[in-house]
Amino acid sequence: MSDTAALVKDAAADGQVDADGHILLRRDGAIATVTINRPAQRNAISFTMWTRLTELMRDLDADRNVRCVVICGAGGEAFSAGADISDFDEYRSDSTRGRVYNRAVDGLLETVAEIGTPVISMIRGFAAGGGCELAVATDLRIATEESRLGIPVARLGITIGHREMYGLVNLVGKGNAMYILLSGRLLDADEALRIGLVNQVVPSDQLEDVTYKLASDIANLAPLSHAVNKKTMNQVLAKPSLNLTPEEADLPLTQFDTRDYHEGFRAFLEKRRPEFIGE
């Protein structure tokens, strides 16, 4: 059990996950909500928080009772301003230290993208820099009409890494990715929706209702189907030529050997709601 898992257990799976209270966890049935809780710092993510969030996401993915994760920021100003700039002197003052920091960031983004559990970003306010990169790594993004998103790294004289670039280009395409990076702008919600940076834009007072309705719909479907669809998606992105190994090619077929498939099939024939158990 990781340190984060122990903290989650001690908090009865509802409360702060780190000692500083900068990461909060709330469960409501099969839905877990992870809140970045630094509203005074616009929910900037510290070096330690990148690692803690990675551990937490892995622990939630290992919990069979969790069927969907929602990530959000505390307060109404920001989803996350990204990497905490106060860390830069210590962790990003040269390439050697920057390498360690980038590994921590990549660890979270890779984990979010590759775990089997679906992850939704609930974006209120702005998502900038690493905050936008985190949202890109999640499976779905719901934003308010007032939200603004972008990765203005050129304003600081730095760049995004390969992992971040990979996710951004796959989401919005080369042209839009370069527009985001070269302009250094924060896009308004309508433009973000137009280029595919977010999936849906809703009025501010409807954000939670829409997001949690979607999370509930996801949680009520077959969790193994979600997990395999995510894995298949990652395989297709990694090998667009579909030059797959036999094991990779057979991945979709594994569902036919699950209890959930037979339950879903019988439930369809019997015109009832299926009860998926993740096996």
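Residues numbered from 1 in each chain as written. Predicted model: local features only at pLDDT ≥ 70, side-chain atom pairs only at ≥ 80, totals over all residues. Heavy atoms only, no water.

Caption draft 1: Structural view of the pairing of strand β3 (residues 31–36). Among the six residues that make up β3, six are buried, leaving the element largely enclosed by the rest of the structure. Side-chain alternation along β3 places I31, T33 and T35 on one buried face and A32, V34 and I36 on a second face that is also buried. Strand direction decides the pairing type here: strand β2 (residues 23–28) and β3, joined by six bridges, are antiparallel. Paired with R27 across the bridge in β3 is A32. In sequence, β2 turns back onto β3 through a hairpin of two residues, with G29 there showing a positive phi of about 65°. In this region the chain leaves β3, passes through helix α2 (residues 47–62) and returns to the parallel neighbour strand β4 (residues 68–73); the handedness of that crossover is right-handed. (Buried < 20%, exposed > 50% of the residue type's maximum accessible area, 1.4 Å probe, protein only. Helix = DSSP H or I, 4+ residues; strand = E, 2+ residues; numbered from the N terminus. Pairing = 2+ DSSP bridges. Right-handed = clockwise from strand over helix to strand, strands pointing away.)

Caption draft 2: Expanded view of the sheet that holds strand β11 (residues 200–202). With mixed pairing, the seven strands of this open sheet are ordered in space as β1-β2-β3-β4-β6-β8-β11. Both edges of this open sheet fall to β1 (15–16) and β11, since each of them pairs with a single strand only. Against the sheet, α2 touches β2, β3, β4 and β6 (119–123), its axis set at about 20° to β2. (Contact = heavy atoms within 4.5 Å. Axes fitted to C-alpha atoms, helices over the stretch in contact; angles between N-to-C directions.)

Caption draft 3: Main features of the pattern of salt bridges. Scanning all chains against the criterion turns up 15 salt bridges. Where K213 meets D217, a salt bridge forms, and the shortest distance between an N and an O atom there is 2.9 Å. In this pair, K213 and D217 are both assigned in helix α9 (residues 207–219), four residues apart and thus about one turn of the helix distant. A salt bridge links E248 to K239; its shortest N-O distance comes to 2.9 Å. Taking the relative accessible area as the measure of exposure, E248 reaches 19% and is therefore buried. (Salt bridge = Lys/Arg side-chain N within 4 Å of Asp/Glu carboxyl O.)

Caption draft 4: Examining a nonpolar patch on the surface more closely. Residues L253, F256, Y261, F265, F268 and L269 make up a contiguous nonpolar surface patch of about 660 Å² in total accessible area. Counting through the fold element by element, F265 comes out in helix α12 (residues 259–270). (Patch = residues over 30% accessible without salt bridge, like charges linked within 9 Å, V, L, I, M, F, W, Y side chains within 5 Å. Areas by Shrake-Rupley, 256 points an atom, 1.4 Å probe, with all protein chains shown as cover.)

Caption draft 5: Up close: the state of the cysteines. One pass over the full model with this rule turns up zero disulfides. Residue C72 stays outside any disulfide, its sulfur separated by 12 Å from that of C68, the closest cysteine. Summary of cysteine pairing: C132 is not part of a disulfide, and the nearest cysteine sulfur, belonging to C72, is at 17 Å. (Disulfide = S-S within 2.5 Å.)

Caption draft 6: Geometry of the pairing of strand β8 (residues 140–144). Of all five residues that make up β8, four are buried, and the element is covered over most of its length. As defined by bridge partners, β6 adjoins β8 across four bridges and the pair is classed as parallel. Within β8, the position partnered with S121 by the bridge is R141. Looking at chain direction, β8 and β11 are connected through three bridges and run parallel. If you follow A143 over to β11, its bridge partner there is V201.

Caption draft 7: Structural context of the packing of aromatic side chains. Evaluated as defined, the whole model comprises three aromatic pairs. Centroid distance F256 to Y261: 5.1 Å. Interplanar angle 85°. Geometry classified as edge-to-face. Under the relative-accessibility criterion, F256 is labelled partly exposed at 46%. Between Y261 and F265, the aromatic rings sit 6.1 Å apart at their centres with planes inclined by 20°, giving stacked as the arrangement. Taken as a pair, Y261 and F265 lie in helix α12 at a separation of four residues, close to a single helical turn. Assessed through its relative accessible area of 32%, Y261 is described here as partly exposed. You can call F265 partly exposed: its relative accessible area is 43%. (Phe/Tyr/Trp six-rings, centres within 6.5 Å; stacked < 30°, edge-to-face > 60°.)

Shape descriptors only; they carry no functional weight alone.
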